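A look at the structure
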Amino acid sequence: MADKDNIKEGKDFGIGIPQENKPFHVKGAGALDWGMQNRLGRIFNPESGRTVMLAFDHGYFQGPTSGLERMDLTIVPLMQHADVLMCTRGALRSIVPASINKPVVLRCSGGQSILSELSNETIAVDIDDAIRLNVAAITTQIYIGAEYEHKSIANLIKLIDSGNGYGIPTMAVTGVGTDMKRDQRYFLLATRIAAELGAHYVKSYYFDKGFENVCASCPVPIVIAGGQKLPELEALTMAYKAIDQGAAGVDMGRNIFQADSPVAMIQAVRAVVHQNMRPKKALDLYQTLLAEEKKKSKRQTARAKRRK
Ligand code: 5RP
C-alpha cells in the first residue's frame, strides 16, 4: 500500500515559465508519436542529428563475404564505435551480445541470393520477432525499375504498416539491380517513392552530380551505403561529400570491415560524420590509429614470445 504519511503538497509550479516543446531533431519526424521519435532519436544523435550505422547484413544474400567470415572476431570489436548496428536476426541472436546498449536496425527481407535475381525478395521477419528483439527500426529493400519492383515495394508497404502498429520506424533501402544506373534520376525516384510510402528514413548510395537534390527532395533523412571497398581516402571523401550535401549519416559495411584496420576506419568515419572532419584530416586520424594498433600488436607478440 502506498505510504500516505507526511505527504508534502506541491508548491513550486513554475508560474510564468512556459513549458518548453522542443522541436524533434530528425527530419520529417516532428509529428510522429513518442515511441517512433524515441527510436529515431536513438538512431540519429540529438547533437549532430547524424548517425554512423555499421552494416553487416550482407550474409543474407552473399554468404560469408570478406570481413564477415567470423563476425564474432571481426564485427564485435567494432560495435562500441558504432551508433547503430544493422544486421539480420540470425547475426543478432548468434553474435551480438545482448548486453550491448546499441540500437539495432533489423534486416527484414530475404529470400534470394547472389546466384538468383536480386530484386526477388520477400519479407523474412515477422513484426512479432522484431519486437521480441527490441529493435530500433526495421528495414527492407526496394528495387525501382527491376524485375520484381512491385513485389519489393509491396514488401516495404507491408513492413511500414507492421512497424507503425508498434511505433517502430522503417528504413527503406534503395537497392540497385545489376542493370541499373546509379544516377540522379534513379535515386530521386527511388528515395522519394520510399518516403512517400511512409519510410521514416532512406538508405541511398552517394553519386557525383546531383546528390544534394536527392537529399533536398526526400522529406525524411537520407543515409548512404558505402558500397564496394574503396581506398580509405576515397571512402572518407565520399562520406564527407554526402554529409556536406545533406545526408544524415552513413550505413557503411565493406569500407569499414574490409579496411586494413576496421577499428581505425570506423573512428575516422565517425569524425567525418559527427564533426565534419575533412577527408585528409580523417585519413591522418585513420593512419595514426592504424600505427598505434600495429605498435600494440607488436608489443603483444613480443610479450607472448617472452612468456614462451
Ligand atoms: C546490403 C545492404 C548493406 O547493408 C549495404 O549495402 C551497406 O553495406 P556496404 O557499405 O558494404 O555497401 O543493404 O543489401
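See the structure printed just above.
Residues numbered from 1 in each chain as written. Predicted model: local features only at pLDDT ≥ 70, side-chain atom pairs only at ≥ 80, totals over all residues. Heavy atoms only, no water.

Some details on the overall build of the protein chain
To keep it simple, the criterion reads: Secondary structure is summarised from DSSP: a helix means a run of H or I of at least four residues, a strand means a run of E of at least two, and numbering begins at the N terminus for each. Both definitions apply: the radius of gyration is a C-alpha atom measure, and the globule rule equals 2.2 Å times residues to the power 0.38. For every residue, the accessible area (1.4 Å probe, protein chains only) is compared with the maximum for its type, and the residue is labelled buried under 20%, exposed over 50%, or partly exposed between those bounds. Throughout, the Shrake-Rupley method with a 1.4 Å probe supplies accessible areas, and for residues the shown protein chains are the sole cover considered. Charge counting treats Lys and Arg as positive and Asp and Glu as negative, with His and both chain ends excluded. Here the site of a charge means NZ on Lys, CZ on Arg, CG on Asp, or CD on Glu.
Each helix and strand counted, the protein chain has twelve helices and ten strands in total. Here the protein chain has a C-alpha radius of gyration of 21 Å; the compact-globule value for 308 residues is 19 Å, and the two agree. Taking the principal axes of its C-alpha atoms as reference, the protein chain extends roughly 70 × 60 × 40 Å. A total of 308 residues make up the protein chain; the buried ones form 49% of that total. A total accessible area of about 16300 Å² is found for the protein chain, and carbon and sulfur atoms account for 50% of it. In the protein chain, which carries 39 positive and 32 negative side-chain charges, the distance between the mean positions of the two groups comes to 9 Å.

As for the sheet that holds strand S8 (residues 201-204)
Note the threshold: Think of it this way: DSSP has to see at least two bridges between two strands before they count as a pair. Lines fitted to the C-alpha atoms define the axes, with helices restricted to the stretch that makes contact. Angles between their N-to-C directions range from 0 to 180 degrees. In this analysis, two residues are considered to be in contact whenever any of their non-hydrogen atoms come within 4.5 Å of each other.
Pairing within the closed barrel is parallel, and its eight strands lie in the order S1-S2-S3-S6-S7-S8-S9-S10. This sheet shows a mean twist of 25 degrees between the axes of neighbouring strands, independent of strand direction. Pairing between strand S6 (residues 137-142) and strand S7 (residues 170-174): five bridges, direction parallel. Its bridge partner lying in S7, Ile142 is registered against Thr174. Strands strand S1 (51-55) and strand S10 (249-252) of the sheet are contacted by helix H11 (residues 262-275), whose axis makes an angle of about 150 degrees with S1.

What about the site of the ligand?
This is how the line gets drawn: The cutoff for a nearby residue is simple: one of its non-hydrogen atoms must lie within 4 Å of the molecule or strand. Throughout this description, a polar contact denotes any pair of N or O atoms lying within 3.5 Å of each other; where both atoms belong to protein, one of them has to be capable of donating a hydrogen while the other can accept it, and for residues adjacent in sequence the pair is counted only when both atoms sit in side chains. Put simply, Ala, Val, Leu, Ile, Met, Phe, Trp, Tyr, Cys and Pro go in the nonpolar bin, Asp, Glu, Lys and Arg in the charged bin, and everything else, Gly too, in the polar bin.
Taken together, 16 residues are adjacent to the ligand, and Asp57, His58, Gly227, Gly253 and Arg254 come closest. Here an oxygen atom of the ligand sits 2.9 Å away from a polar atom, N or O, in the main chain of Gly226. Residue composition of the shell around the ligand, grouped by class: six nonpolar, five polar and five charged.

What about the pattern of salt bridges?
To be explicit about the condition: Just to be clear on terms, a salt bridge is a Lys or Arg side-chain nitrogen sitting within 4 Å of an Asp or Glu carboxyl oxygen.
In the structure shown here, the tally under the stated rule is ten salt bridges. Where Arg107 meets Asp57, a salt bridge forms, and the shortest distance between an N and an O atom there is 2.9 Å. Residue Arg107 is found in strand S3 (residues 104-107), and its partner Asp57 is found in the loop between S1 and helix H2 (59-62); the two are separated by 50 residues along the sequence. The buried category is assigned to Arg107, whose relative accessible area is 4%. Across the pair Asp208 and Lys241 runs a salt bridge, and its minimum N-O distance is 3.4 Å. Residue Asp208 is found in the loop between S8 and helix H8 (211-217), and its partner Lys241 is found in helix H9 (residues 232-244); the two are separated by 33 residues along the sequence. One salt-bridge network, in which partners are shared between bridges, spans Arg89, Arg93, Asp129 and Arg132.

Points about the pairing of strand S2 (residues 84-87)
The alternating pattern of S2 places Val84 and Met86 and Leu85 and Cys87 on opposite faces, both of which are buried. Alignment of S1 against S2, held across three bridges, turns out to be parallel. Paired with Leu54 across the bridge in S2 is Leu85. Pairing of S2 with S3, which is carried by three bridges, proceeds in the parallel orientation. By the bridge assignment, Cys87 is partnered in S3 with Leu106.

Looking at the environment of Lys151
Considering the arrangement of structural elements, one finds Lys151 in helix H6 (residues 149-164). Assessed through its relative accessible area of 32%, Lys151 is described here as partly exposed. Separated by 41 residues in the primary sequence, Lys151 and Gly110 have C-alpha atoms spaced 12 Å apart. Setting aside residues no more than four positions away along its own chain, Lys151 makes contact with Asn120 and Glu121.

Description of the side chain of Ser204
By the secondary structure assignment, Ser204 is in strand S8. Beyond its immediate stretch of four places on either side in the chain, Ser204 contacts Thr174, Phe187, Thr191, Phe211, Ile222, Val223, Ile224 and Ala225.

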